[in-house]
Amino acid sequence: MEPEAGPVLYQKLLVWEPSLESEEEEEEISEQLIPDPWGPQDSSGNKAGGLPGAWARLVAALLLLAIGFSLAVRQLHSISGSPGTLGSGAPPPSRHSHGPGVYPHGAIISPAATCSHLGQELLVAGGNVVDAGIGAALCLAVVHPHTTGLGAMFWGLFYNSSSGNSTALTSGPAQTLAPGLGLPLALPALRLLHTHFGRLPWPRLLVGPTTLAQEGFLVDTSLARALAAQGTKGICPLLCRTDGTPLGPGARAINPKLAAVLHRAALAPTPDLTGDALLSLLARDLGLEGPSAGPRPTLEPALRLPVPQGILFTTPSPSAGPELLELLEAAQQSGGPSPDPCPPRLLAVGTTGSSVLATVDSGGSVLLLTSSLNSSFGSGHLSPSTGVLLSNLVAKSAAWACPLILHGRLDDNEADVLGLVASGTPAVARVMTHTLLSHLVRPQTHAQQGPTKSPRPCIQGTLLQVAAHAEHAHVSSVPSGCCPSQGF
């Protein structure tokens, strides 16, 4: 006779709901759902007091099948009746949506969609706001030669939320490589910033810009408009058709000489050597003896001004940062901003030969970068060996930059951080002052609504605003459609 077996235990089928998860539910829950069909049987082969064995097994199987089907139907009904079902277009219940310009982790905003996208790729690849900003700046040097480039001067302001320190990047006083031609310091300046604060390898940041220069990029509306206004004198064949007319929107442009310079810069072991290859080629083009040995770019502590709402940071001289802090301090003492929403002194026609971008992460780290060729296409001198347009910066024209960061409280790592950076007007310090004071008088609870409306008629260039608020990155611009943002 076969030995008697104990009751068979079946695992209970449960309807999973996120709200019901607990440690107790992780344990197996078993119970005897039906009488054991293989229990004690009489000598005739029938279960004692029950059905024949084969029929018992069949009934058990059908009962289990019915229970499983019932629970499956219940689960499907529950899912189909909840928001965020597949095909509904709504996010799953565990997620939430964001308005334009609001991102959960990090974001970048720049004047060119291609460069904002490149910065986003660097963030997703594990880079920080410095990597994303530098990559986008080098991208703009390729696709927006009318506002920036390797021949431009750069200023930067970086707030590190981990250390609580703010650092200013300056290219030093404007210098000339030759009469009317500014000394290019973009590469050593950006490499210096990356050496101290970047996370990704330096060559990784130059892959995208080098590819754009080598394989070509599409002329966007901003560049096409500048070409139509400027003409092609000095910049052919780079941005011209074969008949000598300027390229229009959507045309493809290439700059293989610039691609070669970027490739060599990617291989340079130090910040100083990063720009030396470019300077040597430029000196040969111009018939000079050798590269200039003038001051190099520097990193130094940012200027700071305590205000009731926190601490203000900006760039030191040579920039308009000191003027900005003087204006803000005077406004503080006088009790607030001008009652005029747009003071007449702000209505200054500015240069178009400048560019800005900003990156921010949800932790509060911010990088603001601004650069200038002084005027559209700079000097209009295109170096044939490098594909670089040199600036026509002089000492007086190089002092307009003044990126600004407001940190709520330095002793609070979760305090809101606001960054403002503007381009395109010699009166930028006054524009920034008025913008910040308007923001402080009427604080924005959601940065995606954009800066206060008052600066719109006051600035002829571009104003970018970035913020870390409520563990999200927020970006916006004036004018609102000027600068596409990307984030993740």
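In the nomenclature of an unreviewed UniProt entry, the protein corresponds to Glutathione hydrolase 6 from the organism Camelus dromedarius. The UniProt entry for the protein carries the following text under Sequence similarities (unreviewed entry): "Belongs to the gamma-glutamyltransferase family."

Draft legend 1. Highlighting the overall build of the protein. The number of helices and strands found in the protein is ten helices and 20 strands. Look at the contacts in the protein between residues 6 or more apart in sequence, and 70% of them connect residues 24 or more apart. Accessible area of the protein: about 23,100 Å², with a carbon and sulfur share of 57%.

Draft legend 2. Structural context of the state of the cysteines. Scanning all chains against the criterion turns up three disulfides. Sulfur-sulfur distance for the disulfide between Cys115 and Cys139 comes to 2.1 Å. The sign of the -80° torsion about the S-S bond sets the Cys115-Cys139 disulfide as left-handed. In this pair, Cys115 sits in helix α2 (residues 113-124) while Cys139 sits in helix α3 (residues 129-143), placing the two residues 24 residues apart along the sequence. Residue class for Cys115 comes out buried when judged on its relative accessible area of 0%. You can call Cys139 buried: its relative accessible area is 0%. Across the disulfide from Cys482 sits Cys483; the S-S distance is 2.5 Å.

Draft legend 3. Local environment of the packing of aromatic side chains. Here the structure, examined in full by the defined rule, presents three aromatic pairs. A centroid spacing of 4.9 Å and a plane angle of 55° characterise the contact between Phe158 and Phe197, whose relative ring orientation is tilted. One end of the pair, Phe158, is in strand β5 (residues 153-160); the other, Phe197, is in helix α4 (residues 186-197), and 39 residues separate them in sequence. For Phe158, a relative accessible area of 5% translates into the label buried.

Draft legend 4. Seen up close, the pairing of strand β14 (residues 354-361). With respect to burial, β14 is a largely interior element, seven of its eight residues being buried. Here four bridges tie strand β4 (residues 106-109) to β14, and the two strands are oriented antiparallel to one another. Directly across from Gly106, in β14, lies its bridge partner Asp361. Pairing geometry for β14 and strand β15 (residues 366-372), over seven bridges, is antiparallel.

Draft legend 5. Up close: the side chain of Asn128. Here Asn128 lies in the loop between α2 and α3. For Asn128, the side chain forms a polar contact with the main-chain nitrogen of Asp131, separated by 3.0 Å. When sequence neighbours within four positions are dropped, the list of residues in contact with Asn128 reads Leu123, Phe197, Gly198 and Arg199.

Draft legend 6. Seen up close, the sheet that holds strand β20 (residues 485-487). Spatially, the seven strands line up as an open sheet ordered β11-β6-β5-β15-β14-β4-β20, and their pairing is antiparallel. Of all the strands in the sheet, just β11 (298-301) and β20 have a single pairing partner and so form its edges. The average angle at which neighbouring strand axes cross in this sheet is 15°, direction not considered. The strands touched by α4 within the sheet are β5, β6 (165-170), β11 and β15, with β11 carrying the most contacts at an inclination of about 50°.

Draft legend 7. Structural detail: the sheet that holds strand β18 (residues 462-469). Within the open sheet, the seven strands sit side by side as β3-β19-β18-β17-β16-β13-β12. Their pairing is antiparallel. Here the strands that pair on one side only, and so sit at the sheet edges, are β3 (102-103) and β12 (303-307). Sheet analysis places strand β17 (residues 417-423) next to β18, joined by seven bridges and oriented antiparallel. Residue Val417 lies in a different strand from β18, and its bridge partner there is Ala468. The strands that helix α9 (residues 321-334) touches are β12, β13 (310-314) and β16 (404-407); relative to β12, the one it contacts most, it runs at about 10°. Lying on the sheet, helix α10 (residues 428-441) is in contact with β13, β16, β17 and β18; it crosses β17 at an angle near 150°.

Calculation notes
Residues numbered from 1 in each chain as written. Predicted model: local features only at pLDDT ≥ 70, side-chain atom pairs only at ≥ 80, totals over all residues. Heavy atoms only, no water. UniProt positions renumbered as here; feature names shortened; annotations may be inferred. Helix = DSSP H or I, 4+ residues; strand = E, 2+ residues; numbered from the N terminus. Contact = heavy atoms within 4.5 Å. Areas by Shrake-Rupley, 256 points an atom, 1.4 Å probe, with all protein chains shown as cover. Disulfide = S-S within 2.5 Å. Buried < 20%, exposed > 50% of the residue type's maximum accessible area, 1.4 Å probe, protein only. Phe/Tyr/Trp six-rings, centres within 6.5 Å; stacked < 30°, edge-to-face > 60°. Pairing = 2+ DSSP bridges. Polar contact = N/O pair within 3.5 Å; in protein donor to acceptor, adjacent residues only side chain to side chain. Axes fitted to C-alpha atoms, helices over the stretch in contact; angles between N-to-C directions.

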